[in-house]
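Results of the structural survey
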Amino acid sequence: MSSQRPQPSYTVPGLTPEVSSEVIATLQMRLHSLNDLALTLKHIHWNVIGPHFIAVHEMLDPQVDQVRAMADDLAERISTLGGEPHGTPGAVVADRTWNDYSIGRAEAIEHLGALNLVYTELIKDHRAAMAETEESDPVTQDMLIEQLRGLELFQWFVRAHLESSGGELSTAGASTETRAASQAADQARTQP
């Protein structure tokens, strides 16, 4: 992270300030990822075009609302643990370990292909945070588990557009958003 966060002078009963400091650092990165996801979803919402525009456009707003609520929960947990949540754009950019979303104005299927990768990476990181907090703070872990339930559901909504009748994802093997977008578009063009 770009700046050292001070150890909290108090925390919840049963946790030491040292443990809380570690949990706060984990939650801060999850907060950054959810703030980034909310902005990415709105970016897609504004830049999606094509025959499936309205379906994708309207699918994303409820996701944005729920992701923002998840971010709020994380920020409040950081405060509860005696920390200071950082939610400014500069903090997100300075601390994040991922690149900006790379797709601009594009067909719905292209955005969905790229968004699938965004969700995959975010869910993997959320699962790692869940595992990190299993012993140190089960309350935080419980919150992350609940958030994972929602994030995995959102990814399923996205993947339903990318799945063939044989159960294969059009984005299989893609490691970049642009490649995933291209593969999704290629499959869409060849399907009847």
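Residues numbered from 1 in each chain as written. Predicted model: local features only at pLDDT ≥ 70, side-chain atom pairs only at ≥ 80, totals over all residues. Heavy atoms only, no water.

So, on to the environment of Val23. With respect to the element layout, Val23 can be found in helix H1 (residues 17–47). With a relative accessible area of 2%, Val23 lands in the buried category. (Helix = DSSP H or I, 4+ residues; strand = E, 2+ residues; numbered from the N terminus. Buried < 20%, exposed > 50% of the residue type's maximum accessible area, 1.4 Å probe, protein only.)

This part takes up the packing of aromatic side chains. Counted by the stated rule, this structure contains 3 aromatic pairs. Between the aromatic rings of Tyr119 and Phe154, the centroid separation amounts to 6.5 Å while the plane-to-plane angle is 55°, which identifies the pairing as tilted. Taken together, the positions of Tyr119 in helix H4 (residues 108–132) and Phe154 in helix H5 (residues 138–159) put the pair 35 residues apart, joining distant regions of the chain. Plain terms: the ring middles of Phe154 and Phe157 are 6.5 Å apart, the flat faces sit at 45° to each other, and that makes the pair tilted. In this pair, Phe154 and Phe157 are both assigned in helix H5, 3 residues apart and thus about one turn of the helix distant. Residue Phe154 is classed as buried on the basis of its relative accessible area of 2%. Phe157 gets classed as partly exposed once you look at its relative accessible area, which sits at 31%. These aromatic residues form a ring-pair network of at least three members: Tyr119, Phe154, Trp156 and Phe157. (Phe/Tyr/Trp six-rings, centres within 6.5 Å; stacked < 30°, edge-to-face > 60°.)

This part covers the nonpolar core. Core analysis: the biggest nonpolar cluster contains 47 residues, and Leu34, Leu37, Leu115, Tyr119 and Leu151 have the highest contact counts within it. Breaking this core down by element, the ones donating at least two residues are H1, helix H2 (53–80), H4, H5 and helix H6 (177–190). When neighbours within four sequence positions are excluded, Leu115 is seen to be in contact with Leu37, Leu41, Ile44, Leu60, Tyr101 and Val158. (Core = buried A, V, L, I, M, F, W, Y, C linked by side-chain atoms within 4.5 Å. Contact = heavy atoms within 4.5 Å.)

The next subject is the packing of H1 against H5. Their axes nearest at 12 Å, the elements H1 and H5 cross at an angle of 20°. Here H1 lies roughly parallel to H5, going by the angle between them. Handedness of the crossing formed by H1 with H5: left-handed. On H5, the residues touching Val23, Leu27, Arg30, Leu34 and Leu37 of H1 are Thr140, Met143, Leu144, Gln147 and Leu151. Its residues assigned to classes, the contact of H1 with H5 shows 7 nonpolar, 2 polar and 1 charged. (Axes fitted to C-alpha atoms, helices over the stretch in contact; angles between N-to-C directions. Parallel < 35°, antiparallel > 145°, perpendicular 65-115°, else oblique. Left-handed = near helix turned anticlockwise from the far one by under 90°. Nonpolar A, V, L, I, M, F, W, Y, C, P; charged D, E, K, R; others polar.)

A word on the pattern of salt bridges. Oppositely charged side chains may form a pair once their charged atoms are brought near each other. Counting across every chain of the model gives 9 salt bridges. The partner of Asp36 in a salt bridge is Arg96, with the nearest N and O atoms 3.6 Å apart. In this pair, Asp36 is assigned in helix H1 and Arg96 in the loop between helix H3 (89–95) and strand E2 (106–107), connecting sequence segments 60 residues apart. As far as the burial class goes, Asp36 and Arg96 line up, both buried. In this structure, Arg77 and Asp137 form a salt bridge, with 2.9 Å as the shortest nitrogen-oxygen distance. Placement of Arg77 in helix H2 and of Asp137 in the loop between H4 and H5 is noted, with a sequence separation of 60 residues between them. The exposure classification of Arg77 matches that of Asp137, with both residues buried. Residues participating in the shared-partner salt-bridge network are Asp36, Arg96 and Asp100. (Salt bridge = Lys/Arg side-chain N within 4 Å of Asp/Glu carboxyl O.)

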